[in-house]
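One-letter residues, chain by chain:
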Amino acid sequence: MLGDFVTVAPNATLSGNVQVGDGVDFGTGAIAIQGLQIGEWSIVGAGAVLISDLPGNCTAVGVPVRPIKYREAGWHE
């Protein structure tokens with residue numbers, strides 16, 4: 001399930017039953033295993049691998065992914 005204003009870059013993989021919140025930017029070649037939730041307005045870096053839920057309003061990178069930056073709710077407005 002994809003929210004509004006979501007960007008899924010080329011070669012990204014969203015396995016089954018992944019819920020992507022509004023405004024998420026899912027980077028090139030990033031992977032999310034099945035059954036995860038990605039919080040709204042988060043940024044997932046290129047090549048990142050999600051193996052657990054990701055909170056909203058953060059930037060996350062790496063294998064496995066980990067948040068490196070958090071923003072206040074409403075930062076995108």
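The structure we're discussing is the one just above.
Treat the numbers as computed from the prediction; the structure is a model and nothing was measured.

Caption draft 1: A look at the environment of Gly-74. With respect to the helices and strands, Gly-74 occurs in the segment after strand 10 (66–70). A C-alpha to C-alpha distance of 20 Å links Gly-74 and Gly-45, two positions 29 residues apart in sequence.

Caption draft 2: Summary view of the sheet that holds strand 9 (residues 58–61). What the 5 strands build is an open sheet, ordered 1-4-7-9-10; its pairing is mixed. Looking at the sheet topology across the chains shown, the edges are occupied by strand 1 (7–8) and strand 10. Pairing geometry for strand 4 (residues 25–26) and strand 7 (residues 43–44), over 2 bridges, is parallel. In the strand pairing of strand 7, Phe-26 is matched with Val-44.

Caption draft 3: Molecular detail of the sheet that holds strand 8 (residues 49–50). The 3 strands lie next to each other as 2-5-8, forming an open sheet whose pairing is parallel. Unpaired on one side and paired on the other, strand 2 (13–14) and strand 8 mark the two borders of the sheet. Strand direction decides the pairing type here: strand 5 (residues 31–32) and strand 8, joined by 2 bridges, are parallel. The residue of strand 8 that forms the bridge with Ile-31 is Val-49.

Caption draft 4: Quick peek at the side chain of Ser-42. With respect to the element layout, Ser-42 can be found in the loop between strand 6 (37–38) and strand 7. Here the side chain of Ser-42 touches Gly-39 through a polar contact of 3.4 Å, landing on its backbone oxygen. From its side chain, Ser-42 meets the backbone nitrogen of Asn-57 in a polar contact 3.2 Å long. Among all residues touching Ser-42, those that are not within four sequence positions of it are Gly-23, Val-24, Asp-25, Leu-54, Pro-55, Gly-56, Asn-57 and Cys-58.

Criteria and thresholds
For every chain, the first residue of its written sequence is number 1, and the numbers climb from 1 along that sequence. Owing to the predicted nature of the model, reporting of local features is limited to residues with pLDDT of at least 70; listing and counting of side-chain atom pairs is limited to 80 or more, with chain, interface and lining totals taken over all residues. For side-chain calculations, the full set of non-hydrogen atoms in the structure is used, while hydrogens and water are omitted. Segments assigned H or I by DSSP are reported as helices when at least four residues long, segments assigned E as strands when at least two residues long, and all are numbered from the N terminus. At least two DSSP bridges between two strands are needed for those strands to be called paired. Identification of polar contacts relies on pairs of N or O atoms within 3.5 Å, with a donor-acceptor requirement for protein atoms, meaning one able to donate a hydrogen and the other able to accept it, and with residues adjacent in sequence counted only if both atoms are side-chain atoms. Only heavy atoms enter the contact rule, under which two residues are in contact if any of them lie within 4.5 Å.

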